[in-house]
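Per-entry structural report
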Amino acid sequence: MQIYYCDEWSDIKKKPWNIFDEPTAYLHHQKNQPYTAVLTENEKPKYIVNVTKEWVSVGFYDELTRKYLNYDFEVVSDGKLFLRTAMYWEYDDETDKEVSSLILGFREDGYIAMEKRDFNTGSVEERETSDTLEKNWDSFPGFGQYLHLCREER
């Protein structure tokens, strides 16, 4: 898997904004300045990791460069991340048209809120539950060490 760095990724244009070299990205990391790591497989984006001082997000991309899953982690304490929000999208065949979405919100006390939307019918389903959320905890990534955050099954 190859990694390159940029200011941010545009989901609309499906391309990076302001690509920069690894030493520049490393400096951003060391100074707690925001940057984006694009992890590619066969020259196509597979994971896009946005790193900031307060949060880290991970986008999961399919072979058509459509984001189908996104994790938003909050920096809770020194070096500890908690998965606050997970979003999942399904698309219509080979197009970028979304047919459904699922949003899950998590709290450290185990509370989970869910919202599922069907864009074809307009229906919205909401649920609340609780569970043990030890899989939602992770560690802040070291520079270039992002794969531990790119696990779909949490």
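Each residue is numbered by its place in its chain's sequence as written, counting from 1. Residues qualify for local features only when their pLDDT is at least 70, as the model is predicted, and side-chain atom pairs are given and counted only at 80 or more; totals for whole chains, interfaces and linings, by contrast, use all residues. Note: side-chain values were computed over all heavy atoms of the structure, leaving out hydrogens and water.

1. A few points about the packing of aromatic side chains
To be explicit about the condition: Working definition: a ring pair exists when centres of Phe, Tyr or Trp rings (six-membered ring for Trp) sit within 6.5 Å. Plane angles under 30 degrees give stacked, over 60 give edge-to-face, the rest tilted. What counts as a helix is a DSSP run of H or I of at least four residues, what counts as a strand is a run of E of at least two, and both are numbered from the N terminus. The cut-offs for exposure are 20% and 50% of the maximum accessible area for each residue type, with area from a 1.4 Å probe on protein chains only; residues under the lower value are buried, those over the upper are exposed, and the others partly exposed.
Summed over the entire model, instances satisfying the criterion amount to 10 aromatic pairs. Ring geometry for Tyr47 against Phe60: centres 5.4 Å apart, planes inclined by 90 degrees, an arrangement best described as edge-to-face. Of this pair, Tyr47 sits in strand E4 (residues 44-51) while Phe60 sits in strand E5 (residues 55-61); the two residues are 13 residues apart in sequence, bridging distant segments of the chain. Each of the two residues, Tyr47 as well as Phe60, counts as buried. Relative to Tyr68, the ring of Phe60 lies with its centre 6.4 Å away and its plane at 55 degrees, an arrangement referred to as tilted. Note on Tyr68: relative accessible area 16%, which makes it buried. Ring pairs connect the aromatic residues Tyr47, Phe60, Tyr68, Tyr71 and Phe73, which therefore count as one cluster.

2. With respect to empty space enclosed by the protein
Our working definition: In the cavity and pocket records, a cavity denotes points on a 1 Å grid over the protein atoms alone where a 1.4 Å probe fits but cannot get out, a pocket denotes an open set with protein on both sides within 12 Å along at least 5 of 7 lines, and lining residues are residues with an atom within 4 Å of a point. Grid points are joined across faces, edges and corners, and a volume is the space filled by probe spheres set on the points. Three classes are used, and their members are as follows: Ala, Val, Leu, Ile, Met, Phe, Trp, Tyr, Cys and Pro are nonpolar, Asp, Glu, Lys and Arg are charged, and the others, Gly among them, are polar.
A complete count under the given rule lists one cavity of 30 Å³ or more for this structure. Roughly 30 Å³ of internal volume is contained in the largest cavity. Looking at the largest cavity, the residues that line it are His28, His29, Asn32, Gln33, Tyr35, Val51, Thr52, Lys53 and Phe140. Its residues placed into classes, the lining of the largest cavity shows three nonpolar, five polar and one charged.

3. Re the layout of surface pockets
If a probe the size of a water molecule is rolled over the atoms, the empty space left behind becomes visible. Estimates place the volume of the largest pocket at around 360 Å³. Those elements giving two or more residues to the lining of the largest pocket turn out to be strand E6 (67-77), strand E7 (80-91) and strand E8 (98-106). The element that contributes the greatest number of residues to the lining of the largest pocket is E7, accounting for four residues. Here the lining of the largest pocket is built from residues that sort into 11 nonpolar, two polar and six charged.

4. Some points on the side chain of Asn136
Locating Asn136 in the fold gives a position in the loop between strand E10 (124-130) and strand E11 (137-139). Owing to a relative accessible area of 4%, Asn136 belongs among the buried residues under this scheme.

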